[in-house]
Structure formats: C-alpha cells, structure tokens
Amino acid sequence: MTPHNKARKEDIAKIVIMPGDPLRAKWISDNFLKDSKLVNDVRGMLAFTGKYNNTKITVMGHGMGIPSIGIYSYELFNFYDVETIIRVGSAGSYSKDINVGDLILASESYSESTYAKYLGIEAKDNILSGNSSLNNLIQEIAKSNNIDLVSARIHSSDVFYGSDRNLDQLVKETKSKAVEMESFALFANAIKLNKKAATLLTCSDSLVTHESMSAEDRQTKFHNMIVLALKTIERI
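Residues numbered from 1 in each chain as written. Predicted model: local features only at pLDDT ≥ 70, side-chain atom pairs only at ≥ 80, totals over all residues. Heavy atoms only, no water.

## Quick word on the packing of aromatic side chains
Now for step 1: One pass over the full model with this rule turns up two aromatic pairs.
Now for step 2: With a centroid separation of 5.6 Å and 75 degrees between ring planes, the pair formed by tryptophan 27 and phenylalanine 32 is classed as edge-to-face.
Now for step 3: A centroid spacing of 4.7 Å and a plane angle of 80 degrees characterise the contact between phenylalanine 160 and tyrosine 161, whose relative ring orientation is edge-to-face.
Now for step 4: On the accessibility criterion, phenylalanine 160 (61% relative accessible area) is exposed. (Phe/Tyr/Trp six-rings, centres within 6.5 Å; stacked < 30°, edge-to-face > 60°. Buried < 20%, exposed > 50% of the residue type's maximum accessible area, 1.4 Å probe, protein only.)

Written out as structure tokens, the structure is:
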C-alpha cells in the first residue's frame, strides 16, 4: 500500500488503463470488465480490477496534470510492479489535420515541465517518447480492426487557463498537433523505471475551428478508444 493507493499488490494487474477521471474508470469497469471489483478509493481516485475476456486488467484514474499522473503512475510502476500503462484521455487539436472525434496515438510529448529533469531523465528539446514497441502494436491493432488512428506529437501543457501564447506561437514552439496535460510525466516514469507506456487520446475540441464534441459523440468516440486499448492489452 502507498499513501495514495490502499490496494494490495495482488489486487493490481500488470497492465493498467488510466483515464484522468476516476468516474470514467468506473464507466470502463462497468461496461467492459467482468468480475470487476473496487480495489482503491483513497482521495476518490477509483481503481477497479477485473477481466477483459481472459486478461486481468486494472483501470485507475490519474487525475489532472503532470504532478497527479506522476504520483499515481510512479506508484503503480515502482510499488505494484505494473509493467504497462496505457493512458486514455481527451485532447484539444492544434491542427486542421486533426478534427473533433479523431483518435490520436501520442508518438511524442513536448512539455515545458521540469518533471523529467528532476527525475534524472534527459528530455532532449523538451521531448519524451512513448514506448515504440507498444505504439507499434497499438497501430497494428487499430489497422486490423479498421479503427482510424493518427500518430502525432502532442503538447503536455502545465497551463489550462490564461496562457499568454496564441495558437500560432504554441504550434511553432511545440511542433505539436494536439494538447493535453499528462503524458510527459507518464513517459518519464516509464523511462526511469524501465516500463512501457503509451497514450491514446480522443480529440474533444479544436483550438483551430473552436468546435467541441457533443455528449453523445464523447460516449461513442471514447468507446472506440477504450476498445483499442483493451484489444491491445490482449496481445501484450
């Protein structure tokens, strides 16, 4: 157990799916897993372990921002011997090439965060990558299941409100096609601890067109993302 996770070691699977919202973790558990049970509720950060077909899987929320996912993913990797984490979340598009509803695989994450630096990980040009073999598998599964998937660099921003940079400045600086707030820390922890990590994102809104996803679309499109993550886990 840790200060943030009361689950026993044997309660956590070797492969974990991590949405930001703990209630989305419950939704995934309720709709996709069999024989699922709640294994953590400390600070309301829900975690459930069950089976997808015959594969044991844990689904756990990670909260918002780099420090939050940094804590939860580090503990899973380091104290619970988790080998693989796939983050599933939402993103805002920086590019006309990525539309609302598109599914994104984060090949790289750019961030202004000092998280990697103080973890002792070199992030050349402020960029860290997801695990290449895991990303390749995700792309293979997507292709075989006719799931459209865009592989792109993303921006893991520390700022949600009040940035003094406009969209053109952000694109020029980060060379990213979408923005979220967590993957950089997840990738840093995986590199530090010799584990595997990947991020799948559904584009929920566009900073280019100012469109946003409806509640109905969120359910449908997020469903596709979760299916891709689960089918990938079956092959690991």
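## Quick word on the packing of helix H2 (residues 66-79) against helix H6 (residues 183-193)
Now for step 1: Where H2 contacts H6, the axes come no closer than 8 Å and their chain directions differ by 30 degrees. Between H2 and H6, the crossing angle belongs to the class labelled roughly parallel. Crossing hand, H2 versus H6: right-handed. Of H6, the residues touching H2 (which contributes Ile66, Ile69, Gly70, Ser73, Tyr74, Phe77 and Asn78) are Phe184, Ala185, Leu186, Asn189, Ala190 and Leu193. (Axes fitted to C-alpha atoms, helices over the stretch in contact; angles between N-to-C directions. Helix = DSSP H or I, 4+ residues; strand = E, 2+ residues; numbered from the N terminus. Parallel < 35°, antiparallel > 145°, perpendicular 65-115°, else oblique. Left-handed = near helix turned anticlockwise from the far one by under 90°. Contact = heavy atoms within 4.5 Å.)

## Side note on helix H4 (residues 132-144)
Now for step 1: Taking 1.5 Å per residue as the helical rise, H4 with its 13 residues ought to reach 18 Å, and the 18 Å between its terminal C-alpha atoms agrees with that figure.
Now for step 2: Leu134, Asn135, Leu137, Ile138, Ile141 and Ala142 are the residues of H4 that are buried. Viewed end-on, H4 has its buried residues packed into an arc of 160 degrees, placing them on one side of the element. Away from the buried face of H4 by more than 90 degrees, exposed residues Ser132, Lys143 and Ser144 are located. (Expected span 1.5 Å × (residues − 1). Arc of directions from axis to C-beta.)

## Some details on the side chain of asparagine 5
Now for step 1: Within the secondary structure, asparagine 5 is located in the segment before strand S1 (15-19).
Now for step 2: Asparagine 5 has contacts with Ile12, Asn40, Val42, Met60, Glu75, Leu76 and Tyr80, leaving out every residue within four places of it along the chain.

## With respect to the environment of arginine 153
Now for step 1: You can see arginine 153 is positioned in strand S8 (residues 150-156).
Now for step 2: Measuring from C-alpha to C-alpha, the distance between arginine 153 and threonine 209 comes to 20 Å, with 56 residues separating the pair along the chain.
Now for step 3: In this structure, arginine 153 is in contact with Ser107, Glu108, Tyr110, Ile127, Thr174, Lys175, Ser176, Lys177 and Ala178, ignoring residues within four places of it in sequence.
Now for step 4: Within the structure, the side chain of arginine 153 is placed 3.2 Å from the backbone oxygen of threonine 174, a separation counted as a polar contact. (Polar contact = N/O pair within 3.5 Å; in protein donor to acceptor, adjacent residues only side chain to side chain.)

## So, the pairing of strand S2 (residues 34-40)
Now for step 1: Bridge analysis of S2 against strand S3 (residues 47-52) gives four bridges, and the strand direction is antiparallel. Opposite asparagine 40, over in S3, you have alanine 47 as the bridge partner.
Now for step 2: Connecting S2 to the antiparallel partner S3 that follows it, the hairpin turn spans six residues, and arginine 43 within it adopts a positive phi of roughly 60 degrees. (Pairing = 2+ DSSP bridges.)

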